[in-house]
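# Coordinate inspection notes
Here are the chains, one letter per residue:
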Amino acid sequence: MAFYTSANLFTSGDFISHAGLPLKWKIECDAIRPEEWDCLAQMIMDYQKIPFSWVEGIPRGGMSLASALEKYIDPNADDIGLVVDDVWTTGTSMKEYIKEKHPEKLHHQIHRWVVFARRPCDDGTNALFTMPG
């Protein structure tokens, strides 16, 4: 499910993050076109060496990326999952989502990816592009 708009990818202004932090700029991933999500998924797969049997996107930011990654699902990958989001600011969205949706899963049973990280990720989450910490 793609949410493409003609917005700018980077916007300056006053914003509040999911975790309640004030931000002076934001990354508007609705500006990413469907074919670009496909390319970002391919880029992730250059680094995601362990197969996964399911993929989920954190609503709403991760939905387009999850959709682009579905073609890489390996039904023989046991019960290993992939949870994705568009932007990591504090990791709150990722941590809350996994805690709510998959509390029974062990850490190694769920791989985590984001496209952009506003700071280095923790908790085993990988980012394609990371801003300096």
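Presented here is an overview of the structure given in this document. Just so you know, these numbers come straight off a predicted model, no measurement behind them.

Before going further, it helps to examine helix H3 (residues 92–101). Along H3, the residues classified as buried are Met94, Tyr97 and Ile98. Projected down its long axis, H3 carries its buried residues within an arc of 95°, all on one side. Facing away from the buried surface of H3 by more than 90 degrees, the exposed residues are Lys99 and Glu100. If you follow the buried residues of H3, they end up packed against strand E3 (54–57), strand E4 (81–88), strand E5 (110–117) and strand E6 (125–130).

Tallying each qualifying case throughout the model produces 8 salt bridges. The partner of Arg33 in a salt bridge is Glu35, with the nearest N and O atoms 2.7 Å apart. Taking the shortest distance from any N to any O, the salt bridge between Asp123 and Arg112 comes out at 3.8 Å. Of this pair, Asp123 sits in the loop between E5 and E6 while Arg112 sits in strand E5, placing them 11 residues apart in sequence. Assessed through its relative accessible area of 32%, Asp123 is described here as partly exposed. Here the residues in one salt-bridge network are Arg33, Glu35 and Glu36, joined through shared partners.

It is worth spelling out the nonpolar core at this point. Counting residues in hydrophobic clusters, the biggest one holds 22 residues, and the most contacted among them are Cys29, Trp37, Leu65, Leu69, Leu82, Val84 and Phe116. Secondary structure elements with two or more residues in this core: helix H1 (34–47), helix H2 (63–69), E4 and E5. Beyond its immediate stretch of four places on either side in the chain, Leu69 contacts Ala41, Ile44, Met45, Phe52, Val55, Leu82 and Val84. If you look at the next biggest cluster of nonpolar residues, it comprises 10 residues, including Tyr97, Ile110, Val114 and Ala117.

With the rule as written, the count across this model stands at 0 disulfides. Among the cysteines around Cys29, which has no disulfide bond, Cys121 carries the closest sulfur, lying 13 Å off. Taking the relative accessible area as the measure of exposure, Cys29 reaches 4% and is therefore buried. Judged by relative accessible area, Cys121 falls into the partly exposed class, the value being 22%.

The subject of this paragraph is the packing of aromatic side chains. Evaluation of the coordinates by the stated rule reveals 2 aromatic pairs. Between Phe10 and Phe116, the aromatic rings sit 6.2 Å apart at their centres with planes inclined by 75°, giving edge-to-face as the arrangement. One end of the pair, Phe10, is in strand E1 (residues 10–16); the other, Phe116, is in strand E5, with 106 residues separating them in the sequence. In this structure Phe10 comes out as partly exposed when scored by relative accessible area, which is 49%. Here Phe116 falls in the buried class, since its relative accessible area comes to 10%. By the ring-pair criterion, three or more aromatic residues cluster together here, those being Phe10, Phe116 and Phe129. In this arrangement the basic side chain of Arg118 is found over the ring face of Trp25, its NZ or CZ atom lying 3.7 Å from the centre.

How each quantity is defined
Residues numbered from 1 in each chain as written. Predicted model: local features only at pLDDT ≥ 70, side-chain atom pairs only at ≥ 80, totals over all residues. Heavy atoms only, no water. Buried < 20%, exposed > 50% of the residue type's maximum accessible area, 1.4 Å probe, protein only. Helix = DSSP H or I, 4+ residues; strand = E, 2+ residues; numbered from the N terminus. Arc of directions from axis to C-beta. Contact = heavy atoms within 4.5 Å. Salt bridge = Lys/Arg side-chain N within 4 Å of Asp/Glu carboxyl O. Core = buried A, V, L, I, M, F, W, Y, C linked by side-chain atoms within 4.5 Å. Disulfide = S-S within 2.5 Å. Phe/Tyr/Trp six-rings, centres within 6.5 Å; stacked < 30°, edge-to-face > 60°. Lys NZ or Arg CZ within 6 Å of the ring centre and 35° of its normal.

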